[in-house]
Amino acid sequence: MTHPITVFVARKIVTMNPSNPEGTHVAVRDGKVLGVGTLQEVAGWGEYTLDATFADKVLVPGMIEVHAHAMEGLTGLFSYQGYFDRMAPDGRRLPGLRSIDAVLADLRRIDATMADPTEPLLTVGFDPIYFPGERLHKGHLDSVSSTRPIFLLHASSHLGTVNSAMLARHDITRDCLTIGVAKGDDGEPTGELQEMSAMALAQSALVPFMKAATGEECLWGFGRMARQVGVTCVTDLASQVLLNPAALGRWQRIVNDPEFPSRVALYSLPAMPGASADFGSVAAAIKRMQAEEATEKLRFPGVKFVLDGSIQGWTAAMNWPGYYTGSDHGQLLTIPEQLVDWLRPFHDAGINVHMHCNGEATIDVAIDAVEAVLKDVAWLDHRHTVQHSQLTNQAHFRRMKALGMCANLFANHIWYWGDQHYELTVGPERANRMEPCATAKRVGVPFSLHSDANVTPLGPLHLMWCAVNRTTPSGRVLGEQEKITAYDALWAVTQDAAYQMHLDGELGSIECGKYADFAVLDASPLDVAPMAIKDIAVWGTVVGGVAYEAAVTR
Amino acid sequence: MSEPAQPPIPVTVIGGYLGAGKTTLVNHLLRNANGLRIAVLVNDFGALQIDADLIEAADGDTISLANGCICCSLAGGLVEAMLGILDRPQPPEWVVIETSGVSDPVAAAQYAHLPGFRLDGVIVVADAETVRRRSIDRHVGRHVLQQLRGADLLLLNKTDLITTDQRNDLRQWLADIAPDSRVVETVGARLPVAALLGGSHVAFDRQSHDEHFDAHRTWSFSDAHAIDGGRFRATVAALPASIVRGKGVLHLVEQPEVAHVFQLVGARWSIVRGSPWVPADRVTRLVLIGLPDHSDHSDHSDVEAVDRMLQELHVDRERSDPLDEELV
Ligand SMILES: Nc1nc2c(ncn2[C@@H]2O[C@H](COP(=O)(O)OP(=O)(O)O)[C@@H](O)[C@H]2O)c(=O)[nH]1
Ligand SMILES: [Mg+2]
Ligand SMILES: [Zn+2]
Ligand SMILES: [Zn+2]
């Protein structure tokens, strides 16, 4: 059996392999890289086909997103009403809406396209933090329709706003006992439904959405979105594959399909069906999946714990002096000593643990727990990762360095909520050191950058742009001293992203022996002006030597 | 909308810090369910910790118990679990949610207002030995206090581990920080099951199989004549703290044509307008359940007080009679 060799020629190949940083040709066999260099340097591997598709493009290593959620694949399936423009997996541009009037006009437009006047209308992405003067309520939505039930699921997924027709359909009245049904001075529901317990009262809108979020179309959308933005390995960082065997089968069928344009890493929530769901058996189940279910495209690198809330929701657990304005609803979602017991079976079994920690207090708790398990079992190369890690300070990083931990910094916050952090949540000083990439680099903690898609859009070039420029929508530079270079930013979304999943032997650079995973770009992010990094056009990706062209943006 | 209305399934939420005795209470309930089909939802990661001898079979995310009860893990979310429960071929008659050690049980209780359910009450279990120390913990102190304040009924558990003096201090402290909660002292969370699940499903006789935990007193009251709603509310508000459970249907002077449903769990009680009376059934029926109140030594006077208060509910008979007749 012959193993054909393809040589891709590009204007430039940025390898992120420090010992062989650039080339123009890359030879690929069996989905892996034989070598990078000049044609002369790679031709010696044997007879090859020259592929000139990328002759005027730049190849960088396929970018890796270590914190996203499969829900991102739903983008565009439900009407999008966020503040910023967004892209759907099929390349459609979904325009941002910059005022409540624009939101209402958009609702009227959608209403007019729906034939059945009683069919519920659900939109996603609305974020009231951008409209501080005016609170959206049922009156606004009643002006759109008095007959069609309407539900705006906010970007945070913690709130919804509905109209009177929706309240009536589900009998949500002044007598409703659910605390999350907000009431006005007149005692009547205002239309705002707070938390899932209240939103779930409006089942006609929410149930189809929840169903879609576990459907096949969503998973396909997740992979296609990766292709659109140059990602060749995308993580679902709160997967339910352990809980739900049907979900595992679905992922396997779809991701292993040659048409599916990305590798996928699943970090399971530590939840298992049945009576024996102690974490020892969860750890054993992950080991089993790693050994028996993993393929070249689908991996199960570890386990995910969620330890607190969010900063912009005032629910991240803070240390003194707490939040800058607003009331502190900070909530640790696990008990410190319990976390140690939770980590232990995974750590002891050699399973990589990623912990969602936004607030400073939560980061303390995560580091303490890793320190405790390490004292008993000296697995030094665990690479346990603090996810989000937004308010990590130098003292945290020094401990993380000493303990062998990694950070995945939520760089997109600088753009999407940077002004709000400066003015409202944590105040100027701490806002300036959020997503502290330069401190992580200085201390020597391996770090990546993430979008937490669908919380913010998938897109590593945008993440790099944030880390390099630290610019907010108001034009503020949030923390000049925490800026990093484009090279360090690209390293973060390739080499160090792979590292924190123990995949850096296979992914993260273009070099002999690793998978032939490339992001195909119009220009090198290392060459363009820093402010232009996010606007570099993405042709698509190559995953295991197979090219996946992005859908044209429109 | 047009489906025949099933009576809503009562939901009891059990909260409290890690190790307080929540699961112990759940197991105690399951053991003493007396044929009541209970579904337990455990809103926490990790093991379900149901006593092994109760378990009959495990299937998917549900464990079936020999006595018809089930236990479900909630990793897929409370909404899905609650909707799933309604879809079961034989829905349970009671739902118990055990929340995680740092979560706010009042937040979880909001799911009990979904259609098809009603919130029965929030029980918070506190570890008598450690609760005060936990309440000032740097990381979790706030959550512990929030849990205590959210309780309708507060189980001060593990009282075997403290002295009488400590107990008295603790009671005083609880009265200060959670004045709205009713406190019951327990060992092994062995609260009389009647006090938790109300009267209809459990035998009320006091020759129960476990004298230790089942030392409770019940009052029954019935009256075919309408009672005065205002007076009834005043009576309920004045009940001694040892009354931890109450339920009944009320025939009220104000609206004699419809039944009203009365529920009391700890300090929380409600009177909700129900369906029109079937004429022959127009009778107020009321059950109250009291536990010995360890905080004072007036158990005996409590008994007499409640007897007297209930007796006084009958007094308005002469006034209410003509009104009643008029509307027939
Ligand atoms: N000494 C003593 N131990 C108890 C009592 N109630 C429960 N326990 C024990 O306390 C531990 C924690 O109880 P558990 O119900 O699992 O607590 P949960 O975390 O709130 O669910 C178990 O070992 C119980 O056996 C009690 O009243 N006294
Ligand atoms: Mg428990
Ligand atoms: Zn998170
Ligand atoms: Zn996330």
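Residues numbered from 1 in each chain as written. Chains lettered and ligands numbered in written order. Predicted model: local features only at pLDDT ≥ 70, side-chain atom pairs only at ≥ 80, totals over all residues. Heavy atoms only, no water.

Engineer: Looking at this structure, I do not really get the overall build of chain B. What am I missing?
Structural biologist: Helix and strand counts for chain B come out as ten helices and 14 strands. By the burial criterion, 55% of the 328 residues in chain B qualify as buried. In chain B, of all internal contacts separated by at least 6 residues, the share reaching a separation of at least 24 is 75%. Carbon and sulfur atoms form 50% of the exposed surface of chain B, whose accessible area is close to 14500 Å². (Helix = DSSP H or I, 4+ residues; strand = E, 2+ residues; numbered from the N terminus. Buried < 20%, exposed > 50% of the residue type's maximum accessible area, 1.4 Å probe, protein only. Contact = heavy atoms within 4.5 Å. Areas by Shrake-Rupley, 256 points an atom, 1.4 Å probe, with all protein chains shown as cover.)

Engineer: What is the right way to read the overall build of chain A from this model?
Structural biologist: Summing up its helical and strand segments, chain A has 19 helices and 24 strands in all. The globule rule puts the C-alpha radius of gyration for 554 residues at 24 Å, and the 24 Å found for chain A is close to it. In terms of its C-alpha atoms, chain A occupies a principal-axis envelope of roughly 80 × 55 × 50 Å. Per-residue burial over chain A gives 61% buried out of 554 residues. For chain A, restricting intrachain contacts to residue pairs at least 6 apart in sequence, the fraction spanning at least 24 positions comes to 71%. (Rg over C-alpha atoms; globule rule 2.2 N^0.38 Å.)

Engineer: Please explain the coordination of the zinc ion (ligand 4) as it appears in this structure.
Structural biologist: Residues and elements named next belong to chain A. The protein atoms that coordinate the zinc ion (ligand 4) are His 67 (NE2), His 69 (NE2) and Asp 452 (OD), at distances of 2.0 to 2.1 Å. Sequence positions of the donors to the zinc ion (ligand 4) reduce to the motif H-x1-H-x382-D. Here the zinc ion (ligand 3) and the zinc ion (ligand 4) are spaced 3.1 Å from one another. Taken together, the residues span a long stretch of sequence, with His 67 in strand 6 (residues 63-68) and Asp 452 in the loop between strand 21 (447-449) and helix 17 (460-469) at a distance of 385 residues. Across the pair, exposure class does not vary: His 67 and Asp 452 are buried alike. (Donors = N, O, S within 2.8 Å, 3.2 Å for Na, K, Ca; no water.)

Engineer: So what exactly am I meant to see when it comes to the coordination of the magnesium ion (ligand 2) here?
Structural biologist: Around a metal, the ideal angle is 109.5 degrees if four donors adopt a tetrahedral arrangement and 90 or 180 degrees if six donors adopt an octahedral arrangement. Residues and elements named next belong to chain B. Here the magnesium ion (ligand 2) is held by Thr 23 (OG1) and Glu 98 (OE), and the distances to it run 2.0 to 2.2 Å. Of the two residues, Thr 23 sits in helix 1 (residues 22-31) while Glu 98 sits in strand 6 (residues 94-99), which places them 75 residues apart along the sequence. Both residues of the pair, Thr 23 and Glu 98, count as buried.

Engineer: What am I meant to see in the sheet that holds strand 5 (residues 70-73) of chain B here?
Structural biologist: Strands in a sheet are paired, the pairing made by backbone hydrogen bonds, and the direction either parallel or antiparallel. Residues and elements named next belong to chain B. Taken together, the nine strands give an open sheet; going across it, the order is 3-4-5-2-6-1-7-8-9, and neighbouring strands pair in mixed fashion. Of all the strands in the sheet, just strand 3 (55-59) and strand 9 (182-185) have a single pairing partner and so form its edges. Across the sheet, the axes of successive neighbouring strands diverge by a mean angle of 20 degrees, strand direction being ignored. Pairing analysis gives six bridges linking strand 2 (residues 38-43) to strand 6, with the strands arranged parallel. For Val 42, the partnering residue across the bridge sits in strand 6 and is Glu 98. Across the sheet, helix 1 lies against strand 1 (9-15), strand 2, strand 4 (62-65), strand 5, strand 6, strand 7 (117-127) and strand 8 (153-157), angled at about 160 degrees from strand 6, the strand it touches most. (Pairing = 2+ DSSP bridges. Axes fitted to C-alpha atoms, helices over the stretch in contact; angles between N-to-C directions.)

Engineer: Just to check I follow, could you spell out the site of ligand 1 for this structure?
Structural biologist: Residues and elements named next belong to chain B. Around ligand 1 sit 15 residues, and of these Gly 19, Lys 22, Thr 23, Thr 24 and Gly 188 come closest. One of the side-chain N or O atoms of Thr 23 is found 2.8 Å from an oxygen atom in ligand 1. With the chains in place, 68% of the 580 Å² that ligand 1 exposes on its own is no longer accessible. Top contributing element to the shell around ligand 1 by residue count: helix 1, with three residues. Of the residues in the shell around ligand 1, the class split is five nonpolar, six polar and four charged. (Near = heavy atom within 4 Å. Polar contact = N/O pair within 3.5 Å; in protein donor to acceptor, adjacent residues only side chain to side chain. Nonpolar A, V, L, I, M, F, W, Y, C, P; charged D, E, K, R; others polar.)

Engineer: When you look at the state of the cysteines in this model, what are you seeing that I'm missing?
Structural biologist: Chemically, a disulfide is nothing more than a covalent bond linking the sulfur atoms of two cysteines. Counted by the stated rule, this structure contains zero disulfides over all chains. Not engaged in a disulfide, the cysteine Cys 357 of chain A finds its nearest cysteine sulfur in Cys 406 of chain A; these two sulfurs lie 13 Å apart. (Disulfide = S-S within 2.5 Å.)

Engineer: Looking at this model, I keep getting lost on the interface of chain B and chain A. Mind explaining?
Structural biologist: By a widespread convention, an interface's size corresponds to the accessible area lost as its parts come together. Taken together, the contacts link 37 residues of chain B with 37 residues of chain A. Of the roughly 2900 Å² buried where chain B meets chain A, counting both sides, 64% is carbon and sulfur surface. Viewed at the interface, chain A and chain B are joined by two salt bridges. Taking the shortest distance from any N to any O, the salt bridge between Glu 337 of chain A and Arg 134 of chain B comes out at 3.4 Å. On inspection of chain B and its partner chain A, the count reaches six residue pairs in polar contact (both at pLDDT 80 or more). (Buried area = accessible area lost by both parts, 1.4 Å probe. Salt bridge = Lys/Arg side-chain N within 4 Å of Asp/Glu carboxyl O.)

Engineer: Hey, could you run me through the domain arrangement of chain B in this one?
Structural biologist: Residues and elements named next belong to chain B. Taken domain by domain, chain B comprises domain 1 (9-197) and domain 2 (217-318). Distance from the C-alpha centre of domain 1 to the C-alpha centre of domain 2: 26 Å. Counting residues at the interface gives 21 residues for domain 1 and 16 residues for domain 2. Summing both partners gives a buried area of about 1500 Å² for domain 1 against domain 2, and 53% of it is carried by carbon and sulfur. By the criterion of area lost to domain 2, the three top residues of domain 1 are Asp 152, Arg 182 and Ala 195, representing 37% of everything that side buries. (Domains from an automatic or database assignment.)

Engineer: How should the pairing of strand 13 (residues 268-276) of chain B be read in this particular structure?
Structural biologist: Strand residues, when the strand is regular, have side chains that alternate between the two faces of the sheet. Residues and elements named next belong to chain B. Pairing of strand 12 (residues 258-265) with strand 13, which is carried by seven bridges, proceeds in the antiparallel orientation. Looking at strand 13, one finds that Leu 264 is bridged to Trp 269. As consecutive antiparallel partners, strand 12 and strand 13 are separated by two residues, and within that stretch Gly 266 has a phi angle of approximately 55 degrees, a positive value.

Engineer: What is the right way to read the domain arrangement of chain A from this model?
Structural biologist: Residues and elements named next belong to chain A. Here chain A is described as being made up of domain 1 (1-56 + 509-554), domain 2 (74-201), domain 3 (214-302) and domain 4 (307-484). Taking only C-alpha atoms, the centre of domain 1 and the centre of domain 4 are 33 Å apart. The interface is formed by eight residues belonging to domain 1 together with seven residues belonging to domain 4. Interface area, domain 1 with domain 4, both sides summed: about 680 Å², of which 83% is carbon and sulfur. Per-residue buried area on domain 1 facing domain 4 is highest for Met 531, Ile 533 and Lys 534; these three make up 69% of the total on that side. Put simply, domain 1 and domain 4 have zero salt bridges between them. The interface formed by domain 1 and domain 4 contains two residue pairs in polar contact (both at pLDDT 80 or more). Counted by class, the side of domain 1 that touches domain 4 contains seven nonpolar, no polar and one charged residues.

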